[in-house]
Number of protein chains: 2
Amino acid sequence: MRNICVCLEFLTEERCAAIRKTAESLGFSVRFFTLEQQAEALAFAPDCEVLFAHDPELVRAAANLNWFHCAWAGVDAYCRDESLFANPACLFTNNHSYGTTIAEHVILVTLMLLRRMPEYQSAMARKHWLSPLPIRSIRGSRFTLLGAGDIGRHVARRLRAMEAARVTAVSRSGRPQPDFDAVVPITKLDDILPETDVLIMALPGTAETAGILSRERMALLPEGACVINVGRGAAMDQTALCDALNTGHLGGAALDVMVPEPLPEDSPLWSAKNLILTPHVSGSTNLPYTCDLTVELFCRNLHRYAAGERLEGLVDRTSGY
Amino acid sequence: MRNICVCLEFLTEERCAAIRKTAESLGFSVRFFTLEQQAEALAFAPDCEVLFAHDPELVRAAANLNWFHCAWAGVDAYCRDESLFANPACLFTNNHSYGTTIAEHVILVTLMLLRRMPEYQSAMARKHWLSPLPIRSIRGSRFTLLGAGDIGRHVARRLRAMEAARVTAVSRSGRPQPDFDAVVPITKLDDILPETDVLIMALPGTAETAGILSRERMALLPEGACVINVGRGAAMDQTALCDALNTGHLGGAALDVMVPEPLPEDSPLWSAKNLILTPHVSGSTNLPYTCDLTVELFCRNLHRYAAGERLEGLVDRTSGY
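On a predicted model such as this, the values are computed, not experimentally measured, just so you know. Sequence order as written defines the numbering, with residues in each chain counted from 1. Here the convention is simple: chains get letters from A, ligands get numbers from 1, in the order in which they are written. Restriction of local features to residues with pLDDT of at least 70 applies here, the model being predicted, together with a cutoff of 80 or more for giving and counting side-chain atom pairs; totals for whole chains, interfaces and linings are based on all residues.

## Considerations on the overall build of chain A
Move 1: Secondary structure summary: chain A contains eleven helices and twelve strands in total.
Move 2: For the radius of gyration, the atoms used are the C-alpha atoms, and the globule rule reads 2.2 Å times the number of residues raised to 0.38. Computed over its C-alpha atoms, the radius of gyration of chain A comes to 21 Å, within 12% of the 20 Å expected for a compact globule of 321 residues.
Move 3: Looking at chain A as a whole, 47% of its 321 residues are labelled buried.
Move 4: Taking as baseline every contact in chain A between residues at least 6 positions apart, the subset at least 24 positions apart corresponds to 63%. Helix and strand definitions follow DSSP, with helices as H or I runs of at least four residues and strands as E runs of at least two, each counted in order from the N terminus. Three exposure classes are used, all based on how many other C-beta atoms lie within 10 Å of a residue's own C-beta (placed from the backbone): buried at 20 or more, exposed at 12 or fewer, and partly exposed between those limits. Whether two residues are in contact is decided by their C-beta atoms, placed from the backbone, lying within 7 Å.

## Some remarks on the confidence of the model for chain A
Move 1: Confidence in the prediction for chain A averages 96 pLDDT; 100% of positions are at 70 or higher.
Move 2: Two summary scores accompany this predicted model of the complex, namely pTM at 0.97 and ipTM at 0.96. The quantity known as pLDDT measures the predictor's confidence residue by residue, on a range of 0 to 100.

## Thoughts on the interface of chain A and chain B
Move 1: Each partner contributes to the interface: chain A provides 38 residues, whereas chain B provides 38 residues.
Move 2: Mapped by element, the contributors of at least two residues to the side of chain A that touches chain B are helix 5 (99-114), helix 6 (117-125) and helix 7 (150-161) of chain A.
Move 3: When residues are grouped by polarity, Ala, Val, Leu, Ile, Met, Phe, Trp, Tyr, Cys and Pro land in nonpolar, Asp, Glu, Lys and Arg in charged, and all others, Gly among them, in polar. Tallied by class, the residues present in the side of chain A that touches chain B amount to 23 nonpolar, eight polar and seven charged.

## Considering the pairing of strand 2 (residues 29-33) of chain A
Looking along a regular strand, one sees the side chains alternate between the two faces of the sheet.
All names here are of chain A.
Move 1: Here strand 1 (residues 3-7) pairs with strand 2 via five bridges, running parallel. Directly across from Asn-3, in strand 2, lies its bridge partner Ser-29.
Move 2: Handedness of a crossover: with both strands directed away from the viewer, a clockwise path from the first strand across the helix to the second marks it as right-handed. You can see the chain leave strand 1, run along helix 1 (residues 13-25) and come back into strand 2, and the turn it takes is right-handed. The rule for pairing is simple: two strands pair if DSSP sees at least two bridges between them.

## A few points about the relation of the copies chain A and chain B
Move 1: After a rotation of 180° and a shift along the axis of 0.0 Å, chain A superposes on chain B with an RMSD of 0.0 Å. Here the two chains are linked by the operation of a two-fold rotation axis.
Move 2: With an isologous cut-off of 70% or more, the 100% of interface residues of chain A that recur at the interface of chain B puts this contact in the isologous class. The copies are overlaid by a least-squares fit using only the C-alpha atoms of residues whose pLDDT is at least 70 in both copies.

## Quick look at the packing of helix 5 of chain A against helix 7 of chain A
To describe two helices that pack against each other, one gives the angle between their axes and the distance between the axes.
Residues and elements named next belong to chain A.
Move 1: To get an axis, a line is fitted to the C-alpha atoms, and for a helix only the part in contact is used. The angle between two axes follows their N-to-C directions and goes from 0 to 180 degrees. At their nearest, the axes of helix 5 and helix 7 sit 8 Å apart, and the two run at 50° to each other. As judged from the angle between their axes, helix 5 and helix 7 are oblique. Crossing of helix 5 against helix 7: the hand is right-handed. Residues Gly-99, Thr-100, Ile-102, Ala-103, Val-106 and Ile-107 of helix 5 pack against Asp-150, Ile-151, Arg-153, His-154, Val-155 and Arg-158 of helix 7. For classification purposes, angles smaller than 35 degrees are called roughly parallel, those larger than 145 roughly antiparallel, those between 65 and 115 roughly perpendicular, and all remaining angles oblique. Should the near helix be turned anticlockwise from the far one by less than a right angle, the crossing is left-handed, and should it be turned clockwise, the crossing is right-handed.

## Structural notes on the sheet that holds strand 10 (residues 225-229) of chain B
Note: strands within a sheet are paired through backbone hydrogen bonds, in either parallel or antiparallel orientation.
Residues and elements named next belong to chain B.
Move 1: In spatial order, the strands read 8-7-6-9-10-11-12; together these seven strands make up an open sheet with parallel pairing. The open sheet has two edge strands, strand 8 (182-185) and strand 12 (275-277), and neither has a second partner. The mean angle between the axes of side-by-side strands here comes to 15°, regardless of whether they run parallel or antiparallel.

## Some remarks on unusual backbone geometry
Move 1: Following A:Glu261, the chain continues into A:Pro262 via a peptide bond in cis, with omega recorded as -10°.
Move 2: Checked against the element boundaries, A:Pro262 lands in the loop between strand 11 (250-255) and strand 12 (275-277).
Move 3: Positive phi, normally seen in glycine, also occurs at A:Lys127, with a value near 55°.
Move 4: Here A:Lys127 shows up in the loop between helix 6 and strand 6 (142-146).
Move 5: Positive phi, close to 50°, is recorded for B:His280, a residue that is not glycine.
Move 6: Mapped onto the elements, B:His280 comes out in the loop between strand 12 and helix 11 (288-306).
Move 7: Owing to 19 C-beta atoms within 10 Å, B:His280 belongs among the partly exposed residues under this scheme.

## Considerations on the domain arrangement of chain A
Residue and element names in this part refer to chain A.
Move 1: Domain annotation for chain A reports domain 1 (3-95 + 287-307) and domain 2 (99-277).
Move 2: Either an automatic procedure or a domain database provided the assignment from which the domain bounds are taken. Computed over C-alpha atoms only, the centres of domain 1 and domain 2 are separated by 33 Å.
Move 3: The interface of domain 1 with domain 2 comprises five residues on the first partner and six residues on the second.
Move 4: Here the side of domain 1 that touches domain 2 is composed, by residue class, of two nonpolar, two polar and one charged.

## Regarding the nonpolar core
Within soluble globular proteins, side chains that are nonpolar generally end up buried alongside one another.
Move 1: Any set of buried Ala, Val, Leu, Ile, Met, Phe, Trp, Tyr and Cys residues joined through C-beta atoms within 7 Å is what this text calls a nonpolar core. Counting residues in hydrophobic clusters, the biggest one holds 130 residues, and the most contacted among them are A:Leu145, A:Ile200, A:Ile228, B:Leu145, B:Ile200 and B:Ile228.
Move 2: The residues touching A:Ile200, leaving out its near neighbours within four places in the chain, are A:Val106, A:Phe143, A:Leu145, A:Leu146, A:Val155 and A:Ile228.
Move 3: Core analysis: the next-biggest nonpolar cluster, separate from the first, contains 37 residues, B:Phe28, B:Phe52, B:Cys79 and B:Leu297 among them.

## Looking at helix 11 of chain B
All names here are of chain B.
Move 1: With 19 residues, helix 11 ought to run about 27 Å at 1.5 Å a step, and its terminal C-alpha atoms sit 27 Å apart, in line with that.
Move 2: Here helix 11 has its buried residues at Thr-290, Thr-294, Val-295, Leu-297, Phe-298, Asn-301, Leu-302 and Tyr-305. Looking straight down helix 11, one finds its buried side chains confined to an arc of 160°; they lie on one side.
Move 3: Next to the buried residues of helix 11 lie helix 1 (13-25), strand 3 (50-53), strand 4 (67-70), strand 5 (91-93) and helix 5 (99-114).
Move 4: Immediately beyond the C-terminal end of helix 11, within one or two residues, lies Gly-308, with a positive phi of roughly 70°. Multiplying 1.5 Å by the helix residue count minus one yields the expected span of that helix. Regarding the arc, it is the one traced by the directions from the helix axis to the C-beta atoms.

## With respect to the environment of A:Arg60
All names here are of chain A.
Move 1: Note on placement: Arg-60 falls in helix 3 (residues 56-61).
Move 2: By C-beta crowding, Arg-60 is classed as partly exposed, having 16 other C-beta atoms within 10 Å.
Move 3: On a C-alpha basis, the gap between Arg-60 and Tyr-78 in space is 10.0 Å, while along the polypeptide they are 18 residues apart.

## Some details on the environment of B:Val281
Move 1: Residue placement: B:Val281 occurs in the loop between strand 12 and helix 11.
Move 2: Here the alpha-carbon distance between B:Val281 and B:Pro132, two residues 149 residues apart in the chain, equals 30 Å.

## Comments concerning the sheet that holds strand 5 of chain B
All names here are of chain B.
Move 1: With respect to topology, five strands assemble into an open sheet ordered 2-1-3-4-5, the strand pairing being parallel. Strands with a single pairing partner mark the edges of an open sheet, and in this sheet they are strand 2 (29-33) and strand 5. Each strand of the sheet is rotated relative to its neighbour by a mean of 10°, with strand direction disregarded.
Move 2: Two elements, strand 1 (residues 3-7) and strand 3, share three bridges in a ladder whose sense is parallel.

Structure representation (structure tokens):
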């Protein structure tokens, strides 16, 4: 009996039918659970070979698991705890279906910052007809993307279509990719920061990326630069960010991720100058297209799994991505 | 003596030097005035053959004018009053340098509406960590642009790069243009509205466009559609817009232009549901790139004028654009 356990919040009839059709055609039996049915899913998990979910407790309960496909992109929660996978050889893949939605979020907050939208909104809320403020534009600005994965590529395509002066990605290898004007290795990060108008962070949460945007590196950014983070909050020094915003060294920032989440009542981030905060929603499953892609990717990967082929989005639990 | 009068708010040393160089190379003499120096400009205007400004009083004062280049895109203020131009044969051109900046504004407010940013912002302002709201995306949405000019083309390029399902322009002629998936004539407007997720209005203010988005036409838009106006406020029925927003028929709207401006204290627009208001700033001269393009266009046109060639952006004062 080859069982698949699917436990997700976006299981429409169509999506279940698509997964069931693929599973049955490949000789699998599949059961679906909503997040509210976690107890039933936990009871079924030990009988399963494949798990498609985003719940560490289900991974822990699935003692006979051979492949876990995580419905989320960020998988740091699954790499910290070595005891999570009973089978050390269990295949582990993540979901790279968030590029479009996160890229739209990045374009949105970039334009809000460059065009000073929060200031206009706050004036209009007081019925005050503000005179035009000096603004900047994506066209002609220099962008640096920390992270050259699926999200970075989707962001870069949009920035280039909007005539950014240059879109440089920073990756571990520095290997060129056609979606970027240039890719530089992480060892050159300090050289690119002084030539960056907008820094976009889309990094996985790993030991290597923690604190990568330090106080010293923020100081390397030019006066008025903007910082956007859609990866993991731990990648930056939040105290240094507040200082850089409040002193005016940075022109603005937009955080969709922070530490901790939700942000505590007394966090200085709430009142930092020119900071746009969103509650970790840039890549949530609230956009139907993201969920459709997620299901398609799982079905594609299930074909590969059944055929013994290399899966898409394999995660190395040691490096954490 | 061939005099040029330039009266603008964005005259840097470089921009003046560029204009002066072109003017002198063509045998013109040029004088520059800030908006604060209107009185001096008015005194100089009667001696001028060419005027580069955005002030109807200067046009009226320039009794010997042969060419007025308006620094603004919208020229309705110059077409209403037939007595404005002393010389009925005076050439009249407008400034089509606003495409990039207005397109960035349109992308910004489109994403704010589709991704429900005002709701997240208002929750975050109360330190309330909102759960993900259902959102929509530019990708896969159907856009209709009322107006197929410079602004419409810049908007369309960006929407298509962001994978819009379709970008249709509506123009008087319906003549195809490569930047749009389709161009339909204005006579077909009522057919395209029911298939429109986001309606973007970038129309000149003329007798023909006044009230074009009537209550009846708003009702033709599908439930949840969004409306954006960056052209002229008079193009829509504002009372009907408030009703359509407050009843939830429309999912949201963003107005950068309205009637009158500034909006009076007691306007129902201030409190309409899901309405983003900005104080007519989408295409102002607060972006240096816009001003650079504006000066380049004037210099290019001055060459054409001196050579007796057809000018770029000629306005027909009868049709109003």
